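In case you want the letters, here they are:
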Amino acid sequence: MPLKLSLKPGEKFVLNGAVVQNGDRRGVLVLQNKASVLREKDIMQEEDVTTPARRIYFPMMMMYLDEAGAARYYDEFVQRLAEFMGVIGNPQVLAECVAISKHCMEREYYKALMLCRKLIEYEDERLGNVPASLPASHSES
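A few points on the structure. Nothing here was measured: the structure is a model prediction, and the numbers come from that model. (Residues numbered from 1 in each chain as written. Predicted model: local features only at pLDDT ≥ 70, side-chain atom pairs only at ≥ 80, totals over all residues. Heavy atoms only, no water.)

1. A closer look at the overall build of the protein chain
Stage number 1. When helices and strands are counted, the protein chain shows 4 helices and 5 strands.
Stage number 2. Scanning the protein chain from its N terminus toward the C terminus, one meets helices and strands in the order β-β-β-β-β-α-α-α-α.
Stage number 3. If you line up the protein chain on its principal axes, its C-alpha atoms span 45 × 35 × 25 Å.
Stage number 4. Per-residue burial over the protein chain gives 39% buried out of 141 residues.
Stage number 5. Roughly 8200 Å² of accessible area belongs to the protein chain as shown, and the carbon and sulfur atoms make up 53% of that amount.
Stage number 6. Charged side chains of the protein chain number 18 positive and 20 negative; the gap between the two group centres comes to 6 Å. (Helix = DSSP H or I, 4+ residues; strand = E, 2+ residues; numbered from the N terminus. Buried < 20%, exposed > 50% of the residue type's maximum accessible area, 1.4 Å probe, protein only. Areas by Shrake-Rupley, 256 points an atom, 1.4 Å probe, with all protein chains shown as cover. Lys, Arg positive; Asp, Glu negative; His and termini not counted. Charge placed at Lys NZ, Arg CZ, Asp CG, Glu CD.)

See the structure below:
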């Protein structure tokens, strides 16, 4: 099933590890086969990894962007997820953590990343943070 990206002028995204930028007009890109794609708004910089949920997101993002080297990031992901789950009592959030782990084991990294956004939102609500690097909603798949 093709993936259709509607791009704003100048919008950047990562496509199979390459940073690509749209030109000065709105554009549409249709990917006909499986590819690792992340929009600029979904990319977390290492300096933004400042909370437990973001410490889960970052290695998952790296596994997604560098699937061939995913094993390098997997142990960090597992450790951070286990730490997070060890201090969370909310059953719904714990179920999301289990689903994230399942998606990662099945190499469905994009699905895991989008679920992890919910962990970041939950954490931001609890900490009173205003999310800096990831907006609250996402509609791409």
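Now that the structure has been shown, the text picks up again.
2. Describing the layout of surface pockets
Stage number 1. Its boundaries defined by the atoms lining it, the second largest pocket holds a volume of some 180 Å³.
Stage number 2. In terms of lining, the second largest pocket is formed by Lys12, Phe13, Val14, Gly17, Val19, Glu40, Ile43, Gln45 and Leu65.
Stage number 3. The greatest single-element share of the lining of the second largest pocket, amounting to 3 residues, is contributed by strand 2 (residues 12-15).
Stage number 4. Within the lining of the second largest pocket, the residues separate by chemical class into 5 nonpolar, 2 polar and 2 charged. (1 Å grid on protein atoms, 1.4 Å probe; cavity = no way out; pocket = protein on both sides within 12 Å on 5 of 7 lines; lining within 4 Å. Points joined across faces, edges and corners; volume = space filled by probe spheres on them. Nonpolar A, V, L, I, M, F, W, Y, C, P; charged D, E, K, R; others polar.)

3. Considerations on the sheet that holds strand 5 (residues 37-39)
Stage number 1. With antiparallel pairing, 3 strands are arranged side by side in an open sheet as 3-2-5. Both outer strands of the open sheet, strand 3 (18-21) and strand 5, are each paired with one neighbouring strand and no more. Strand-to-strand twist of the sheet, defined as the mean angle between neighbouring strand axes without regard to direction, takes the value 25°. (Pairing = 2+ DSSP bridges. Axes fitted to C-alpha atoms, helices over the stretch in contact; angles between N-to-C directions.)

4. Overview of helix 4 (residues 109-127)
Stage number 1. For helix 4, with 19 residues, the first-to-last C-alpha span of 26 Å sits near the 27 Å given by 1.5 Å per residue.
Stage number 2. In the stretch just after helix 4, glycine 128 is the one whose phi turns positive, near 70°. (Expected span 1.5 Å × (residues − 1).)

5. Quick look at the packing of aromatic side chains
Stage number 1. All told, the structure shown has 2 aromatic pairs when counted by the stated rule.
Stage number 2. Their ring planes at 55° and their centres at 5.8 Å tell us that tyrosine 64 and tyrosine 110 sit as a pair that is tilted. Of this pair, tyrosine 64 sits in helix 1 (residues 52-65) while tyrosine 110 sits in helix 4, and the two are 46 residues apart along the sequence. Exposure class is identical for tyrosine 64 and tyrosine 110. Each is buried.
Stage number 3. Plain terms: the ring middles of tyrosine 74 and phenylalanine 77 are 6.0 Å apart, the flat faces sit at 50° to each other, and that makes the pair tilted. Linking tyrosine 74 with phenylalanine 77, this pair stays in helix 2 (residues 71-87), spanning 3 residues, or about one helical turn.
Stage number 4. You can call phenylalanine 77 buried: its relative accessible area is 0%. (Phe/Tyr/Trp six-rings, centres within 6.5 Å; stacked < 30°, edge-to-face > 60°.)

6. Points about the packing of helix 1 against helix 2
Stage number 1. The geometry of helix 1 relative to helix 2 is characterised by a closest axis approach of 9 Å and an angle of 155° between their N-to-C directions. Considered as vectors, helix 1 and helix 2 are oriented roughly antiparallel to each other. In the crossing of helix 1 with helix 2, the sense of the turn from one axis to the other is left-handed. Between helix 1, through Pro52, Ala53, Arg55, Ile56, Pro59, Met60, Met62 and Met63, and helix 2, the contact on the second element is made entirely by Tyr73, Tyr74, Glu76, Phe77, Arg80, Leu81 and Phe84.
Stage number 2. Taken together, the residues of the contact of helix 1 with helix 2 break down into 12 nonpolar, no polar and 3 charged. (Parallel < 35°, antiparallel > 145°, perpendicular 65-115°, else oblique. Left-handed = near helix turned anticlockwise from the far one by under 90°. Contact = heavy atoms within 4.5 Å.)

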